[in-house]
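# Observations on the three-dimensional arrangement
Next come the chains, spelled out residue by residue.
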Amino acid sequence: MRKETALFVLSVFMMVMFSIISTAHSQTGGIQSPQQGMGPTSAGQANTAGGQVGANISSVTINIDKTALDNGGVITVTGTAPPGKPVYLEVYSDEKRARANFFDNKPNKETGKIPYIFYMTYEMPAYYKIILPKDKSDILTEIKKEGAKWKYSDALKKLGAEDAYIAPATINIERYQASILASIIGSRGQLLPPMDAKENRRHSMQLVKSRFKSPGKLFDATVDTAPDGKFKAEVNIPSGSPPGKYNIVAVADKVKSEPATFENHISFPMVYLANAGTSLNLLWPFLLCLIISIFGVLMGAGGGFILNPILLSLFPLPHTIVAGTVMPTILFSQGSGIYNYSKIKFINWKLGISIGIAMMAGGFIGPKLTELITLSQFQFFFGWILIVLAALMFWQTTPGYIEKNKKEKAILQEFKKKAAEAAAKAGK
């Protein structure tokens, strides 16, 4: 009897212990191995030798073959991404920022009203480009064929590059309610409240297009991706690009890598123009302006009307910067021209002062209006003005015009006489 009682007590004890152990096991989920329960590797983190077992297929890594360039060059980019996913590279200058502006003067699709809002930022990356997979080259070619009508936001969608558009999306954008009266008094208009993140991103795309203009400057298709997720691409930084630090970020399946950085160096006579956001060899503008000033002063002008379209055609400069830069440079040619023309008494000061007052008033209006037009509009109006002036001057040099206009003929004869007298005095 005692033996049976002891066995009964022992069996009850064993059942209770088994129940306790089972309950504890179910609550803790069992005993974990050293590798179980660890969180996933963060995007861009590379696996090190002897470390984590197995590759994390959600990570994106990136490597570059050099960390410095001398006035541009080619960077070879390699890395890994989730297998079967397209890889995009976002390349941008991290230190040098430039100004960009856009004037919204097109009717709203919903209301039909023209907003007349001026958007401006000083934080646009001076260099920006998205490198696409090679199989996107045909789509990029079609976008280039659209000409001036292409839209940056539509291009990002067609190319599947929306997730790679990161750096410019958060730039600080100012917007003003523009008006003709504000332009006349030298103001951009009423400053409007800041936009939300979605609107800021949308309008940043308009500023990117306004700044870089063509799809060829904003996109390139050189990324070659293997089935296992390894990729390789060549990033070409052109000569004349801004100096300083650049970032390259790889993006695949909405996951981005840590940025790979490199430096671009320039040396004199290559000089970085901060407000233009580009580098320029000063030797060529110097020689160009020397020739133009000689002929400009000969025609009684500072040469700005010649220098302006040539600078726009030959150098990667915004039309607003060209217009503003040419103004003070004319002072040098006009200052020396005024001195020499006054010596031979060719200046009528009464007429000159009255015209100068009108030009002073125009100097307040012109700069603000220049901000509100695009490069193509600027070139169109400036081109037609030059054509009209050229036709007028050519007509006034024809023999028939000179014969009919006796006063013009007398002025030309007086000019020749005074020029000859001045030459004779200079010879003595």
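Residues numbered from 1 in each chain as written. Predicted model: local features only at pLDDT ≥ 70, side-chain atom pairs only at ≥ 80, totals over all residues. Heavy atoms only, no water.

## Let's talk about the overall build of the chain
Helix and strand counts for the chain come out as 13 helices and 16 strands. When contacts within the chain are restricted to residue pairs at least 6 apart in sequence, those whose partners lie at least 24 apart make up 68%. (Helix = DSSP H or I, 4+ residues; strand = E, 2+ residues; numbered from the N terminus. Contact = heavy atoms within 4.5 Å.)

## Quick notes on the sheet that holds strand 6 (residues 117-125)
Two pairing modes exist for strands in a sheet, parallel and antiparallel, and in both the strands are linked by backbone hydrogen bonds. If you walk across this open sheet you meet the four strands as 5-6-8-9, and the pairing is antiparallel. Edge positions in the sheet fall to strand 5 (97-104) and strand 9 (190-191), since each has one partner strand and no second. (Pairing = 2+ DSSP bridges.)

## Some points on the packing of helix 2 (residues 137-145) against helix 3 (residues 152-159)
The interhelical angle for the contact between helix 2 and helix 3, taken along N-to-C directions, is 160 degrees, at an axis separation of 10 Å. When the axis of helix 2 is compared with that of helix 3, the two are roughly antiparallel. Classified by chirality, the crossing of helix 3 by helix 2 is right-handed. Contact residues: Ile139, Leu140 and Ile143 in helix 2; Ala155, Lys158 and Leu159 in helix 3. (Axes fitted to C-alpha atoms, helices over the stretch in contact; angles between N-to-C directions. Parallel < 35°, antiparallel > 145°, perpendicular 65-115°, else oblique. Left-handed = near helix turned anticlockwise from the far one by under 90°.)

## A short note on the pattern of salt bridges
Under the defined criterion, the tally for this structure stands at six salt bridges. With a closest N to O distance of 3.7 Å, Asp94 and Arg97 form a salt bridge. With relative accessibility at 28%, the residue Asp94 sits in the partly exposed group. Residue classification places Arg97 among the partly exposed positions, given a relative accessible area of 29%. Of the charged contacts, one joins Lys158 and Glu146 as a salt bridge, the two residues approaching to 3.0 Å between their closest N and O atoms. Taken together, the positions of Lys158 in helix 3 and Glu146 in the loop between helix 2 and helix 3 put the pair 12 residues apart, joining distant regions of the chain. Residues joined in a network through salt bridges with shared partners are Asp94, Arg97 and Lys245. (Salt bridge = Lys/Arg side-chain N within 4 Å of Asp/Glu carboxyl O. Buried < 20%, exposed > 50% of the residue type's maximum accessible area, 1.4 Å probe, protein only.)

## A few points about the packing of helix 3 against helix 5 (residues 197-212)
Relative to each other, helix 3 and helix 5 sit at 100 degrees, their axes nearing to 8 Å. Our classification of the angle between helix 3 and helix 5 gives roughly perpendicular. For the pair formed by helix 3 and helix 5, the contact residues are Tyr152, Ser153 and Leu156 on the first element and Met205, Val208 and Lys209 on the second. Residue composition of the contact of helix 3 with helix 5, by class: four nonpolar, one polar and one charged. (Nonpolar A, V, L, I, M, F, W, Y, C, P; charged D, E, K, R; others polar.)

## Notes on the packing of aromatic side chains
All told, the structure shown has nine aromatic pairs when counted by the stated rule. Seen in terms of ring centroids, Tyr127 and Tyr246 are 5.7 Å apart; in terms of plane orientation they differ by 55 degrees. Their pairing is tilted. You can see Tyr127 sitting in the loop between strand 6 and strand 7 (128-133) and its partner Tyr246 sitting in strand 12 (residues 244-252), a full 119 residues away along the chain. With a relative accessible area of 7%, Tyr127 lands in the buried category. (Phe/Tyr/Trp six-rings, centres within 6.5 Å; stacked < 30°, edge-to-face > 60°.)

## Some points on the nonpolar core
In terms of nonpolar packing, the biggest core is built from 34 residues, with Tyr128, Ile130, Leu132, Tyr152, Tyr165 and Phe219 touching the most fellow members. Elements that contribute at least two residues to this core include exactly strand 4 (88-93), strand 6, strand 7, helix 2, helix 3, helix 5, strand 10 (219-225) and strand 12. If sequence neighbours within four positions are ignored, Phe219 has contacts with Lys129, Ile130, Leu132, Leu140, Trp150, Tyr152, Ala155, Leu156 and Leu159. Ranked by size, the runner-up nonpolar core spans 23 residues in total, among them Leu69, Ala233, Tyr246 and Ala260. (Core = buried A, V, L, I, M, F, W, Y, C linked by side-chain atoms within 4.5 Å.)

## What to know about the confidence of the model for the chain
Predicted coordinates in areas of low pLDDT are best not read in detail. Residues with a pLDDT of 70 or more make up 79% of the chain, whose mean pLDDT is 80. Low pLDDT (under 50) marks residues 1-10, which in the prediction has zero contacts with non-local residues, meaning those over four places away or in another chain. Counting contacts from residues 20-56, a segment whose pLDDT is below 50, to residues more than four positions away or on other chains yields 27 contacts. (pLDDT = per-residue confidence, 0-100.)

## Re the pairing of strand 11 (residues 230-237)
Burial along strand 11 is one-sided: the residues Phe231, Ala233, Val235 and Ile237 are buried and none of Lys230, Lys232, Glu234 and Asn236 is. Bridge count between strand 3 (residues 73-80) and strand 11: eight bridges; the pairing is antiparallel. Paired with Gly79 across the two strands is Phe231, which belongs to strand 11. Between strand 10 and the antiparallel strand that follows it, strand 11, lie four residues; Gly229 among them carries a positive phi value of about 100 degrees.

## Observations regarding helix 5
With 16 residues, helix 5 extends 22 Å from end C-alpha to end C-alpha; this agrees with the ideal 22 Å at 1.5 Å per step. In the segment just after helix 5, Lys213 is the residue with positive phi, at about 70 degrees. (Expected span 1.5 Å × (residues − 1).)

## Points about a nonpolar patch on the surface
Taken together, the side chains of Leu283, Trp284, Phe286, Leu287, Leu290, Ile291 and Ile294 make up a nonpolar region of the molecular surface, amounting to roughly 730 Å² of accessible area. Positionally, Phe286 belongs in helix 7 (residues 283-298). Since its relative accessible area comes to 55%, Phe286 is described here as exposed. (Patch = residues over 30% accessible without salt bridge, like charges linked within 9 Å, V, L, I, M, F, W, Y side chains within 5 Å. Areas by Shrake-Rupley, 256 points an atom, 1.4 Å probe, with all protein chains shown as cover.)

## Quick notes on the environment of Lys418
Looking at the element boundaries, Lys418 is found in helix 13 (residues 406-427). On the basis of relative accessible area, Lys418 is assigned to the partly exposed category, the value being 28%. When the C-alpha atoms of Lys418 and Lys345 are compared, they prove to be 8.6 Å apart, with 73 residues separating the residues in sequence. The contacts of Lys418, once residues within four sequence positions are left out, are Ile344, Lys345 and Phe346.

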